[in-house]
Amino acid sequence: TDVANTFTPGSVPPVILETEPSASNNWTKSDVKVKNNGNVAAYIRVAVAATWRDKDGNIAPFSVEVGDYTVTLATPANGWVKHGDYYYYTQPVAAQATTPVLFETVEYNADAHPGYELHFQIAASTIQADGEDAKGNKPIELAWDVDIENGAVKPATIEE
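Throughout this document, residue positions are counted from 1 along each chain, in the order its sequence is written. Local features are withheld for residues below a pLDDT of 70 in this predicted model, meaning they are given only at 70 or higher, and side-chain atom pairs are given and counted only at 80 or more; totals for whole chains, interfaces and linings count all residues. Side-chain measures were taken over the full set of non-hydrogen atoms in the model, leaving aside hydrogen atoms and water.

Participant: What exactly am I supposed to notice about the pattern of salt bridges here?
Facilitator: Opposite charge on two side chains lets them pair, provided their charged atoms get close. We define a salt bridge as a side-chain nitrogen of Lys or Arg found within 4 Å of a carboxyl oxygen belonging to Asp or Glu. With the rule as written, the count across this model stands at two salt bridges. The partner of Lys-29 in a salt bridge is Glu-18, with the nearest N and O atoms 3.4 Å apart. Taken together, the residues span a long stretch of sequence, with Lys-29 in strand E2 (residues 28–36) and Glu-18 in strand E1 (residues 14–19) at a distance of eleven residues. Accessibility here uses a 1.4 Å probe with only protein chains present; expressed as a share of the type maximum, an area under 20% marks a residue as buried, one over 50% as exposed, and anything in between as partly exposed. In this structure Lys-29 comes out as buried when scored by relative accessible area, which is 7%. One salt bridge connects Asp-56 with Lys-55, and the closest N-O pair in it is separated by 3.9 Å. No difference in accessibility class separates Asp-56 from Lys-55, as the two residues are exposed. Going along the chain from the N terminus, every DSSP run of H or I of four or more residues is numbered as a helix, and every run of E of two or more is numbered as a strand.

Participant: Hey, could you run me through the sheet that holds strand E5 (residues 80–83) in this one?
Facilitator: Two pairing modes exist for strands in a sheet, parallel and antiparallel, and in both the strands are linked by backbone hydrogen bonds. The strand order across the open sheet formed by four strands is E5-E6-E3-E8, and the pairing between neighbours is antiparallel. Unpaired on one side and paired on the other, E5 and strand E8 (117–128) mark the two borders of the sheet. With direction set aside, neighbouring strand axes in the sheet form an average angle of 30°. Pairing between strands is defined by DSSP: at least two bridges between the two strands are required. Pairing of strand E3 (residues 42–53) with E8, which is carried by twelve bridges, proceeds in the antiparallel orientation. Paired with Ile-44 across the bridge in E8 is Thr-126. Fitting a line to C-alpha atoms yields each axis, with helices limited to the stretch in contact; the angle taken between N-to-C directions then spans 0 to 180 degrees.

Participant: What exactly am I supposed to notice about the packing of aromatic side chains here?
Facilitator: In this description, a pair of aromatic rings is defined by centroid distance and the angle of the planes. Geometry of aromatic contacts follows a simple scheme: Phe, Tyr and Trp rings, the Trp one being its six-membered ring, pair when their centres are within 6.5 Å, and the pair is stacked under 30 degrees between planes, edge-to-face over 60, tilted otherwise. Following the criterion strictly, the structure yields eight aromatic pairs and no others. Ring centres of Tyr-87 and Phe-103 lie 5.3 Å apart, and the angle between their planes is 80°; on these two criteria the pair is classed as edge-to-face. Residue Tyr-87 is located in strand E6 (residues 86–89), and its partner Phe-103 is located in strand E7 (residues 103–108); the two are separated by 16 residues in the primary sequence. Phe-103 matches Tyr-87 in its accessibility class, with the two residues each being buried. Seen from the ring of Tyr-86, Arg-45 lies directly overhead, with NZ or CZ sitting 3.8 Å from the centre. Sitting over a ring, as applied to charges here, requires NZ of Lys or CZ of Arg to be within 6 Å of the ring centre and within 35 degrees of the ring normal.

As far as function goes, none of this settles anything; it's purely spatial.
Here it is as structure tokens:
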């Protein structure tokens, strides 16, 4: 008799959860965290980019400067660390679970460039936590510049 071999691939799409800025909350984005909206545990990292835009959404011909916005990071005990250009949540996040808050608040100075609004964009990426290649390398170690030590994300060690 034939036996059906059912395979369900891992899926780890991230969803960014946050309170959007508005005039009523003094142009402050807050409580930024990431949900693993997938079906298996995943490691999560976040990148940020800020741009000034006019009312039509066009990017301003000037760059974002120090003082244009203020970011309040959550306490280090929340499990987030910064390596290079990314913030990494140091532990795998279970399917359908959410990280603790990364940014408590992101507030921009609405008076810095009248007629423009600051867009502070957050991009999350995920990678399946389980599995390894034939040499014992985990997918996260192959794809991102980090090592896994006792299940936690650490800066990559450069071997000479």
